[in-house]
Amino acid sequence: MPLLRNVLARHTQTPDTCWFAHWDGWPAAGAWRRRAPMFHLPHREFLRFTGSLDDDLMAFAGDNRGPSLWWPEDRAWVVANEVDSDATYIAGSRQLLDDLLRTNGLDVAEVGPNDQITVDE
């Protein structure tokens, strides 16, 4: 995850103010319900935290799982880690996508809004 965070940091003006959302269905989420505001997206409830892009992203929810969603204050990009698979989706500028595609060590494929995505079980 540090490699991805380095790329993302180059494409935001607000790396010190980011938002992190953890799915409320993870086992450790119960301990955080009183400390973090919740919000709803279709089919999921999330706990919301704020911090820096340099923060330990696994520590927010306390169970060694990264955030389900994260984005900087300037909304230059958004990262979505699918709860039901190991897929990660990133939306952002063309420059961000090109940077991700050029970065050795990241397994990146470009998809468009009309592409069919299948999950191997």
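What counts as what
- Residues numbered from 1 in each chain as written.
- Predicted model: local features only at pLDDT ≥ 70, side-chain atom pairs only at ≥ 80, totals over all residues.
- Heavy atoms only, no water.
- Helix = DSSP H or I, 4+ residues; strand = E, 2+ residues; numbered from the N terminus.
- Buried < 20%, exposed > 50% of the residue type's maximum accessible area, 1.4 Å probe, protein only.
- Areas by Shrake-Rupley, 256 points an atom, 1.4 Å probe, with all protein chains shown as cover.
- Arc of directions from axis to C-beta.
- Contact = heavy atoms within 4.5 Å.
- 1 Å grid on protein atoms, 1.4 Å probe; cavity = no way out; pocket = protein on both sides within 12 Å on 5 of 7 lines; lining within 4 Å.
- Points joined across faces, edges and corners; volume = space filled by probe spheres on them.
- Nonpolar A, V, L, I, M, F, W, Y, C, P; charged D, E, K, R; others polar.
- Phe/Tyr/Trp six-rings, centres within 6.5 Å; stacked < 30°, edge-to-face > 60°.
- Lys NZ or Arg CZ within 6 Å of the ring centre and 35° of its normal.
- Pairing = 2+ DSSP bridges.
- Core = buried A, V, L, I, M, F, W, Y, C linked by side-chain atoms within 4.5 Å.

Undergrad: Explanation requested: the overall build of the protein in the structure shown.
TA: When you go through the protein residue by residue, the secondary structure sums to 2 helices and 6 strands. Scanning the protein from its N terminus toward the C terminus, one meets helices and strands in the order α-β-β-β-β-β-β-α. Going through the 121 residues of the protein one by one, you find that 34% of them count as buried. By element, 48% of the accessible surface of the protein is carried by carbon and sulfur atoms, the whole surface being about 7800 Å².

Undergrad: I'm lost on helix 1 (residues 2-9) in this one. Help?
TA: Note: α-helices contain 3.6 residues per turn, so residues at a spacing of three or four share the same orientation. Of the positions making up helix 1, those classed as buried are L4, R5, V7 and L8. Buried positions in helix 1, seen along its axis, are confined to an arc of 160° and lie on one side of it. Along its buried surface, helix 1 packs onto strand 4 (69-72), strand 5 (77-81), strand 6 (88-92) and helix 2 (94-102).

Undergrad: Whenever I open this one, the layout of surface pockets confuses me. Can you help?
TA: Where empty space is left becomes clear once a probe the size of a water molecule has been rolled over the atoms. Quantified by volume, the largest pocket comes out at close to 850 Å³. Looking at the lining of the largest pocket, the elements that each hand over two or more residues are strand 5, strand 6 and helix 2. Here the lining of the largest pocket takes 5 residues from strand 6, the largest share from any one element. Per-class residue counts for the lining of the largest pocket are 16 nonpolar, 5 polar and 4 charged. Within this model, the second largest pocket holds a volume of roughly 240 Å³. Lining the second largest pocket we find L41, P42, R44, F46, S68, L69, A80, N81, E82, V83 and Y89. Listing elements by their share of the lining of the second largest pocket, those giving two or more residues are strand 3 (44-51) and strand 5.

Undergrad: Just to check I follow, could you spell out the packing of aromatic side chains for this structure?
TA: How two aromatic rings sit relative to each other is set out by the distance from centre to centre and by the angle between their planes. This model, assessed by the stated rule, comprises 3 aromatic pairs. Note on F39 and F46: the rings are 5.5 Å apart at their centroids and 20° apart in plane angle, and the pair reads as stacked. Look at F39 and you get partly exposed, because its relative accessible area is 24%. Using a relative accessible area of 6% as the deciding quantity, one classes F46 as buried. Through a chain of ring-to-ring contacts, the aromatic side chains of F20, W70 and W77 assemble into a single cluster. The ring of W23 is capped by R44, whose NZ or CZ atom sits 5.1 Å from the centre of that ring.

Undergrad: Whenever I open this one, the pairing of strand 6 confuses me. Can you help?
TA: Strand residues, when the strand is regular, have side chains that alternate between the two faces of the sheet. As paired strands, strand 5 and strand 6 are joined by 5 bridges and run antiparallel to one another. By the bridge assignment for strand 6, V78 is matched with A91. The hairpin formed by strand 5 and strand 6 contains 6 residues between the paired strands.

Undergrad: Please explain the nonpolar core as it appears in this structure.
TA: One broad rule of soluble globular proteins: the nonpolar side chains tend to lie buried together. Counting 15 residues, the largest nonpolar core has L8, L53, W70, W77 and L96 as the members making the most contacts within it. Those elements that provide at least two residues to this core are helix 1, strand 1 (18-23), strand 3, strand 5 and helix 2. Looking at which element gives the most residues to this core, the answer is helix 1, with 3 residues.

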